[in-house]
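# Structural overview
The lines below spell out each chain.
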Amino acid sequence: MTGSPATTTLWRPAGPAELELVRESGWRAWPPRLSGQPLFYPVLNEDYAVRIARDWNVKHDGAGYVTRFEIESGFLRRYPVQQAGGRTILELWVPAEELDDFNAHIVGGIAVVHTFR
């Protein structure tokens, strides 16, 4: 009998358009990046995701959402943690061309945990 793989919790701030595409996937996958978006940036802590959704997405998109999801920890080892600012501003940089593979390693679904308007 094999157990479930170890997982890591990630968060992703999203605007309404991206969230609609996640909903259309059945809450199972992130949509392909748009032209000019070479990376997908999930973040490693909820507070950082809240700040982006509340302070950036609301201003630019009229609403911001914080999502949470689990992904296989072993798979994530290929993406070094990037410190994008202060010591708690931590994210992963997933190349756009690897997003399908990234999505295949999500365990369970993608959940909305905060909404800002």
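Being a predicted model, the structure only gives us computed values, none of them experimental.

What follows covers the overall build of the protein. Looking only at helices and strands, the protein features four helices and seven strands. The linear arrangement of helices and strands in the protein, starting from the amino end, is β-α-β-α-β-α-β-β-β-α-β. Its C-alpha atoms give the protein a radius of gyration of 14 Å, near enough to 13 Å, the size a compact globule of 117 residues would have. Its C-alpha atoms give the protein principal-axis dimensions of about 50 × 35 × 30 Å. The buried share among the 117 residues of the protein stands at 38%. Restricting the contact set of the protein to residue pairs at least 6 apart, pairs at least 24 apart contribute 78%. Side chains of the protein give 12 positive and 14 negative charges; the mean places of these two sets differ by 5 Å.

Before going further, it helps to examine the side chain of Arg-12. Take Arg-12: it is sitting in strand S1 (residues 7–14). Among the residues examined, Arg-12 registers a relative accessible area of 10% and is labelled buried. Separated by 3.1 Å, the side chain of Arg-12 and the backbone oxygen of Tyr-41 make a polar contact. The residues contacting Arg-12, other than those within four sequence positions of it, are Glu-18, Trp-30, Arg-33, Phe-40, Tyr-41, Tyr-65, Val-66, Thr-67 and Phe-69.

Inspection of helix H1 (residues 16–24) places Glu-18, Leu-19 and Val-22 among the buried residues, and these make up the whole buried set. The buried residues of H1 occupy an angular sector of 100 degrees when the element is viewed end-on, so they sit on one face. Turned more than 90 degrees away from the buried face of H1, the exposed residues are Ala-17 and Glu-24. If you follow the buried residues of H1, they end up packed against S1, strand S2 (39–40), strand S3 (64–72) and strand S7 (106–116).

This next bit is on helix H2 (residues 46–61). For H2, the principal kink sits at Ala-53 and spans about 30 degrees. Immediately downstream of H2, the backbone of Gly-62 shows phi near 85 degrees, a positive value.

Counting 15 residues, the largest nonpolar core has Leu-10, Trp-30, Phe-69, Ile-71, Leu-76, Tyr-79 and Phe-102 as the members making the most contacts within it. Of all the elements in the fold, those that place two or more residues in this core are S3, helix H3 (73–76), helix H4 (99–104) and S7. Ignoring sequence-local partners within four residues, the contact set of Trp-30 consists of Arg-12, Glu-18, Val-22, Phe-40, Thr-67, Phe-69, Leu-99, Phe-102, Asn-103, Ile-106 and Ile-110. One finds Trp-11, Val-43, Ile-89 and Phe-116 within the second-largest nonpolar core, a separate group that totals nine residues.

Reading the values: the criteria
- Residues numbered from 1 in each chain as written.
- Predicted model: local features only at pLDDT ≥ 70, side-chain atom pairs only at ≥ 80, totals over all residues.
- Heavy atoms only, no water.
- Helix = DSSP H or I, 4+ residues; strand = E, 2+ residues; numbered from the N terminus.
- Rg over C-alpha atoms; globule rule 2.2 N^0.38 Å.
- Buried < 20%, exposed > 50% of the residue type's maximum accessible area, 1.4 Å probe, protein only.
- Contact = heavy atoms within 4.5 Å.
- Lys, Arg positive; Asp, Glu negative; His and termini not counted.
- Charge placed at Lys NZ, Arg CZ, Asp CG, Glu CD.
- Polar contact = N/O pair within 3.5 Å; in protein donor to acceptor, adjacent residues only side chain to side chain.
- Arc of directions from axis to C-beta.
- Bend = angle between axes of the 7 residues up to and from the residue.
- Core = buried A, V, L, I, M, F, W, Y, C linked by side-chain atoms within 4.5 Å.

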